[in-house]
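Structure at a glance
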Amino acid sequence: MSGARRRIGPRGEVLLGRFGHGYVAPAVLLVAGLLYAPFLWTAYLSFTRYDGLEPAQWIGGHNFGKLIEDPALLTSIRNTLLWVVGTMVLPVGLGLLVAVLSYDIKGGVWFRVPFLLPYALSGAGLAMVWSPILSHGGIANTLLGVDTAFLQDAPVNTVAMLLVWTWQQLGVNMLLFVVGLQSIPREPIEAARLDGAGGWQLFRLVIWPLMRPLTAVVVGLALVASLKTFDIVWVLTQGGPGRNSETLAVTMYKETFVASDYGYGSAVAVMLTVVTGLASYLYLKRQVAS
Amino acid sequence: MFRSRVVTLGVAALVLTACGGNGAQPQKKTELTLYNDKGAWTKYFDEMGALSKQSIGLGMKPTGYTDSAQYQAFIKASFRTNVKPDLFTWQTGGMLEEIVKQKQVADTTDIWQQAIQAGDLSKDLAPYYTIGGRQYCVPMNVAYWGMFYNKKIFGKYGLEAPKTWDDLIKVADTLKKNGVKAFYHTSVLFSFVWFEQLMAGTDPDLYDRLATGKAKYTDPGVVQVMEKWKSLIDAGYFINPGDKTDPGDVLKNGKAAMVSFGTWFNTSMTQRNMKSGEDYDFFVIPNVNPALPKTSMIFESGPLCSLTKAADPAANQKYLKWWTTSEAQGKWASSRGDVSANPKVSIADKALGTVTKDAGGGQYRLVNRYFEATPPPVLTAALDGFSKFVTEPGSYKEVLETIQKAADEYWSAHQ
């Protein structure tokens, strides 16, 4: 650093102090232009009636009033919560289980490979693969010998889609947990073993607390991903039948781009942002505090 | 030194911006872009591009979207940017009116007048393209809706194409007795098909009034139609709406004996190596109400449009004019095995040829497809509603009330 200062010299330092912020200006402009400006524009649109063509017409809080009264919103919120809870139990919980079971055993790497492969698929591609399996009269019905329309009745359809989501996401969660397990120093584990700890006791009292920082990251990422669930639902059910499998992100998309009600769609987007922001804040605050 | 560099850079940026600006002279184009929401038809658009290059020296490059909502959002956004398509497909009804009102669509009145005079377009088609007494866009395609049926299944049980609604129900009953599902329906996207068919075949005037907000979805006539629809579902004529088998496969493998779709569905049959008149056939669905003077036939036409502020308006107009000719329409219809907007084009498929001729001769009451006839916010609520109804037929009153709520909100701001 001192070498660099010598090369810049006193005049250079003055210039760097005066114009140094200019170096970050492109990045700042990019972020402001691509993230903050659209966000503010969306927030503005949420107070307007706008069909994407005619000039937006200011209607105050009407869209938010409509949002509160909309019975479909309650279904969306219920389904979104189901996605959040389900994600914590299934892809995250099972990811941890598989990571622990496959850790430190012979051939563990090969055991983990099949869980990782589905992660290579995009959400939409994943849904395309599962559509003929879950549809009425599809492969699942034939294999299980049942006559169930897995994608029709609520909340069965959301649970079915959660299982598809688990099939894809379990691997990456497992991988992160394995990284966490590998980063734990051997000494405390060996010391605990010498003290007679083993199995569940060893995991609960030694391994789990040491993995806490990584768990915070995995749960945080899964929380945000589940709150914005869109592609799987859109391809498999389009939020239906009726609106019984809609999530908040699907509601936002449908109102904005299908119904061309950009104002109302923006209000849903603002609400989704607030919910995601609040959930992330509360979760991170709790993690930092503990 | 630093200041002079900043000034130099600033000037250079301004010069570059000016060079890339849109204040340019109209360009002379030899190839046009055609944006569409029919991604699966790219092959056919490519063939049309090759033919137009040969015939009028104007090539065409298609860009196909497969998601209609994304496509519409893109086109609307393109109106405000310099990334504009030369030509684009759209929808008739409120959707066309919406963009015409914004002065985004080029007037095609001259093309229409000349084409009608030359016998290349039917006068009956003009109202779907007329807004404020002027025409906009030209028909990219037309389609008539009716019933495709599996001829082998019909033959097996000694059935014939029905002429009356009672005949149709007798056919459905016979199939039911033999353990065959009569009709296809779905809870996704095309959930409106049976609603529009039953409405148009029962009270087409009420159907038209619904589309323009002059009648309510809770009116007794609409409620009766839903009850009729429910009785057909309760009778067990339909396959499960959650079955995601492609309707082409449904008909081919006999999962259902009949599938109601537009004539464009013929392409699905030919792509599955099914032979018209042997493996499958087509009939016009009879009215539910036999007292109606004409059989109602659902009709759709997709417009091919040009923007008002196009890069080369003359080239666009030339292309649209060519699209209406029998040369272009003949190629378009024959490559896809569909009907044509040009009455001069002869349709190879016998059943579709007859329908086209009869429809052009005024034998049917043409009813605009629900998808085009209904404003988007009402349509969205209706598609959701019908999708709920087909899975829970008992919910019809609640469904109608929900659609009416969306209609009330829309028409209160648009009447």
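Anything mentioned here points back to the structure above.
As the structure is a prediction and not an experimental result, all values here were calculated from the model.

In this section: the state of the cysteines. All names here are of chain B. With the rule as written, the count across this model stands at 1 disulfide over all chains. The disulfide partner of Cys-137 is Cys-305, and the gap between their sulfur atoms is 2.1 Å. On the S-S bond that ties Cys-137 to Cys-305, the torsion sits near 95°, and the link is right-handed. In this pair, Cys-137 sits in the loop between strand E5 (134-135) and strand E6 (138-150) while Cys-305 sits in strand E10 (residues 295-306), placing the two residues 168 residues apart along the sequence.

Counted according to the given criterion, the structure contains 29 salt bridges over all chains. Its salt-bridge partner being Glu255(A), residue Arg243(A) comes within 3.2 Å of it at the nearest N-O pair. With Arg243(A) in the loop between helix H12 (231-236) and helix H13 (248-258) and Glu255(A) in helix H13, this residue pair connects regions lying 12 residues apart in the sequence. Note on Arg243(A): relative accessible area 21%, which makes it partly exposed. For Lys151(B), the salt bridge goes to Asp281(B), with nearest N and O atoms at 3.6 Å. Pair noted here: Lys151(B) is in helix H6 (residues 151-156) and Asp281(B) is in strand E9 (residues 280-283), with a separation of 130 residues, a long-range link.

Here the focus is the packing of aromatic side chains. For the structure shown, the criterion picks out 58 aromatic pairs over all chains. Judged by centre distance (6.4 Å) and plane angle (45°), the ring pair of Trp145(B) and Phe192(B) falls under tilted. Residue Trp145(B) is located in strand E6, and its partner Phe192(B) is located in the loop between strand E7 (181-183) and helix H8 (193-202); the two are separated by 47 residues in the primary sequence. In this pair, the class of Trp145(B) matches that of Phe192(B), namely buried. One Lys or Arg, Lys66(A), reaches over the ring of Tyr264(A) and ends 4.1 Å from the middle of that ring.

With that out of the way, let us pick up a nonpolar patch on the surface. A cluster of nonpolar residues, Leu30(A), Val31(A), Leu34(A), Leu35(A) and Tyr36(A), forms a patch on the protein surface that exposes about 540 Å² of accessible area. For Tyr36(A), the location among the structural elements is in helix H2 (residues 25-45).

Cut-offs and rules
- What you see as residue numbers is a count from 1 along each chain, following the sequence as written.
- Whichever chain is written first is A, and whichever ligand is written first is 1; the rest continue in order.
- Local features in this predicted model are restricted to residues whose pLDDT is 70 or higher, and side-chain atom pairs enter the listing and the counts only when it is 80 or higher, whereas totals over whole chains, interfaces and linings include all residues.
- As a rule here, side-chain values come from all non-hydrogen atoms in the structure, and water together with hydrogens is ignored.
- Two cysteine sulfur atoms form a disulfide, by the criterion used here, when they sit within 2.5 Å.
- Every helix listed is a DSSP run of H or I at least four residues long, and every strand listed is a run of E at least two residues long, numbered separately from the N terminus.
- Think of a salt bridge as a Lys or Arg side-chain nitrogen and an Asp or Glu carboxyl oxygen that are within 4 Å of each other.
- Accessible area is worked out with a 1.4 Å probe on protein chains only. A residue is then buried under 20% of its type maximum, exposed over 50%, and partly exposed in between.
- For this analysis, a ring pair means two rings from Phe, Tyr or Trp (six-membered ring only for Trp) whose centres lie within 6.5 Å, classed as stacked if their planes differ by under 30 degrees, edge-to-face if by over 60, and tilted for the remaining angles.
- By the criterion adopted, a ring carries a charge over it if an Arg CZ or a Lys NZ lies within 6 Å of its centre and within 35 degrees of its normal.
- Exposure above 30% relative accessible area and the absence of a salt bridge qualify a residue for a patch, where like charges join within 9 Å and nonpolar side chains (Val, Leu, Ile, Met, Phe, Trp, Tyr) within 5 Å.
- Reported accessibility uses the Shrake-Rupley method at a 1.4 Å probe radius. Residues are deemed covered only where the shown protein chains occlude them.

By themselves these figures say nothing about function.
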